[in-house]
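Descriptive structure summary
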Amino acid sequence: QVQTIISWRTNELATTKLYYTQGIAQPGDEMEQETQLDDNYTKNHVVVLTDFKPGNTYSFKVESMDSSGNVSTSDINTILAPKQQESVFELILKNLEGMFGWVGQMRR
């Protein structure tokens, strides 16, 4: 799974909801999935998604509503979830090798 963090700002305090789908969506297309409504009124919005599959394309749009009921929806954005190239263990070992040169000698 790929963790994706999507953030945006609104010019007024607003709630947040994100709609997304696998593949490339066009205006008017239905988004298959949505996040739970975050009904905290804020100008800084963050959504963390953890169910994207590596190497796949996803489209999303965000929706915010202010306290007066005005709804604003973003354009559709598209992202490519990165492919997994190394295991978690390999990434940790690589980071340790960068910090402590002697770790690399243990692999030989």
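In the block above lies the structure referred to throughout.
The text that follows walks through the structure, step by step, so that each part is easy to find. (Residues numbered from 1 in each chain as written. Predicted model: local features only at pLDDT ≥ 70, side-chain atom pairs only at ≥ 80, totals over all residues. Heavy atoms only, no water.)

Details of the overall build of the chain
When its secondary structure is counted, the chain shows 2 helices and 6 strands. For the chain, the α and β elements follow one another from N to C terminus as β-β-β-β-β-β-α-α. Counting over 108 residues, the chain shows a buried share of 28%. The long-range fraction of contacts in the chain, counting pairs at least 24 apart against all pairs at least 6 apart in sequence, stands at 65%. (Helix = DSSP H or I, 4+ residues; strand = E, 2+ residues; numbered from the N terminus. Buried < 20%, exposed > 50% of the residue type's maximum accessible area, 1.4 Å probe, protein only. Contact = heavy atoms within 4.5 Å.)

Describing the side chain of S64
Here S64 lies in strand β4 (residues 57-65). Overall, S64 belongs to the buried group, its relative accessible area being 6%. A distance of 3.3 Å separates polar atoms of two side chains, one belonging to S64 and the other to W8. (Polar contact = N/O pair within 3.5 Å; in protein donor to acceptor, adjacent residues only side chain to side chain.)

Examining the nonpolar core
Ranked by size, the top nonpolar core spans 12 residues in total: V2, I6, W8, L18, Y20, V47, L49, F52, Y58, F60, V62 and A81. For this core, the secondary structure elements donating two or more residues are β1 (2-22), β3 (38-52) and β4. Per-element accounting of this core gives the leading share, 5 residues, to β1. When residues no more than four places from it in sequence are discounted, the contact partners of L49 are V2, Q3, T4, I6, L18, Y20 and T35. (Core = buried A, V, L, I, M, F, W, Y, C linked by side-chain atoms within 4.5 Å.)

A short note on a nonpolar patch on the surface
Together, I5, V46 and V48 make up a nonpolar patch on the protein surface, roughly 280 Å² of accessible area in all. Positionally, V48 belongs in strand β3. (Patch = residues over 30% accessible without salt bridge, like charges linked within 9 Å, V, L, I, M, F, W, Y side chains within 5 Å. Areas by Shrake-Rupley, 256 points an atom, 1.4 Å probe, with all protein chains shown as cover. Salt bridge = Lys/Arg side-chain N within 4 Å of Asp/Glu carboxyl O.)

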